[in-house]
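# Coordinate inspection notes
Below are the chains, spelled out letter by letter.
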Amino acid sequence: MGFGASFARDWTISKTSRFFGKNRIADPLLKRLAADPSEAVREAVARHASALGAEEGAGFRRRVPEGEVLLIVESFLLTAGVPYERKGDNAIIIKKDFTASVDSGLCCPLIASSYLTGFLAAVLESWERIETDEEIRCRKRETNKSFPSE
């Protein structure tokens, strides 16, 4: 094989490997499943995403001291591109705006929301969580106190 043929072969292999790179098939497939007209399929996708978030969150939780659990949540949110507001060491408000997270591996809002819910339940297991359509509020449980009405 001559010099030219080897270069063309290597170039083709390089281009093809980039085309079939990480999550090339998984992301579109998951987006289609999450948008499926069948409620049962969407519920299954959400259930599995939540379970995966809980499993990974529990793994982090076992390796991190109690005082640093909020740091794990904050790191995840920054990496995923999910907006949040930290309130000292005792509370965090997470906006359910998953527009930036779609490009960071969370695929689509259904999967992002479900994964995040499972992740938070595991990492902040002893924390109080209130979820609305717009946000998730997490706060350390305190004796006889809950979230203030805002």
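Fair warning: this is a prediction, and the values are worked out from it, not measured in the lab.

### Examining the confidence of the model for the protein chain
A residue-level look at the protein chain finds 83% of positions with pLDDT of 70 or above and a mean pLDDT of 85. Within the protein chain, the lowest mean pLDDT, 70, falls on helix 1 (residues 3-19), and the highest, 96, falls on strand 2 (residues 91-95).

### Focus on the nonpolar core
Ranked by size, the top nonpolar core spans 23 residues in total, and within it Val73 and Ile94 carry the most contacts. Breaking this core down by element, the ones donating at least two residues are helix 4 (69-80), strand 2, helix 5 (109-123) and strand 4 (135-140). Counting residues per element, this core draws most heavily on helix 4, at 7 residues. Setting aside residues up to four positions removed in sequence, Ile94 forms contacts with Val73, Leu77, Val82, Pro83, Tyr84, Leu116, Leu120, Glu134, Glu135, Ile136 and Cys138. One finds Ala34, Ala49, Cys107 and Cys108 within the second-largest nonpolar core, a separate group that totals 6 residues.

### Here we look at the pairing of strand 2
Counting buried residues in strand 2 gives 4 out of 5 residues, a clear majority hidden from the surface. The hairpin formed by strand 1 (residues 84-87) and strand 2 contains 3 residues between the paired strands, and Gly88 there has a positive phi angle of roughly 65°. With 5 bridges joining them, strand 2 and strand 4 adopt antiparallel strand pairing. Residue Ile93 lies in a different strand from strand 4, and its bridge partner there is Arg137.

### Description of the environment of Ala122
Locating Ala122 in the fold gives a position in helix 5. Judged by its relative accessible area of 12%, Ala122 falls in the buried class. For the pair Ala122 and Glu55, spaced 67 residues apart in sequence, the C-alpha to C-alpha distance is 7.5 Å. Apart from residues no more than four positions distant in its own chain, Ala122 is found in contact with Ala54, Gly57, Ala58 and Arg61.

### Brief notes about the sheet that holds strand 3 (residues 127-131)
An order of 1-2-4-3 is seen for the 4 strands of this open sheet, with the pairing classed as antiparallel. For this open sheet the edge positions go to strand 1 and strand 3, each flanked by a neighbour on one side alone. Taking the axes of each pair of neighbouring strands and ignoring which way they run, one obtains an average angle of 10° across the sheet. Contacts between helix 4 and the sheet are confined to strand 1, strand 2 and strand 3, with strand 2 contributing the most and set at about 20° to the helix. Helix-sheet contacts for helix 5 involve strand 2, strand 3 and strand 4, and the interaxial angle to strand 3 is about 160°.

### As for the pattern of salt bridges
In the structure shown here, the tally under the stated rule is 9 salt bridges. Here Arg86 ties to Glu74 by a salt bridge, and the two come within 2.6 Å at their closest N and O atoms. You can see Arg86 sitting in strand 1 and its partner Glu74 sitting in helix 4, a full 12 residues away along the chain. We classify Glu74 as buried; its relative accessible area is 16%. Through salt bridges with shared partners, a single network forms among Arg61, Glu66 and Glu125.

### Notes on a nonpolar patch on the surface
Together, Leu29, Leu30 and Leu33 make up a nonpolar patch on the protein surface, roughly 230 Å² of accessible area in all. Locating Leu33 in the fold gives a position in helix 2 (residues 26-34).

### Section: the side chain of Ser113
For Ser113, the location among the structural elements is in helix 5. Residue classification places Ser113 among the buried residues on the basis of a relative accessible area of 17%. Among residues more than four places away in sequence, those in contact with Ser113 are Lys96, Phe98 and Glu131.

Reading the values: rules and limits
Residues numbered from 1 in each chain as written. Predicted model: local features only at pLDDT ≥ 70, side-chain atom pairs only at ≥ 80, totals over all residues. Heavy atoms only, no water. pLDDT = per-residue confidence, 0-100. Helix = DSSP H or I, 4+ residues; strand = E, 2+ residues; numbered from the N terminus. Core = buried A, V, L, I, M, F, W, Y, C linked by side-chain atoms within 4.5 Å. Buried < 20%, exposed > 50% of the residue type's maximum accessible area, 1.4 Å probe, protein only. Contact = heavy atoms within 4.5 Å. Pairing = 2+ DSSP bridges. Axes fitted to C-alpha atoms, helices over the stretch in contact; angles between N-to-C directions. Salt bridge = Lys/Arg side-chain N within 4 Å of Asp/Glu carboxyl O. Patch = residues over 30% accessible without salt bridge, like charges linked within 9 Å, V, L, I, M, F, W, Y side chains within 5 Å. Areas by Shrake-Rupley, 256 points an atom, 1.4 Å probe, with all protein chains shown as cover.

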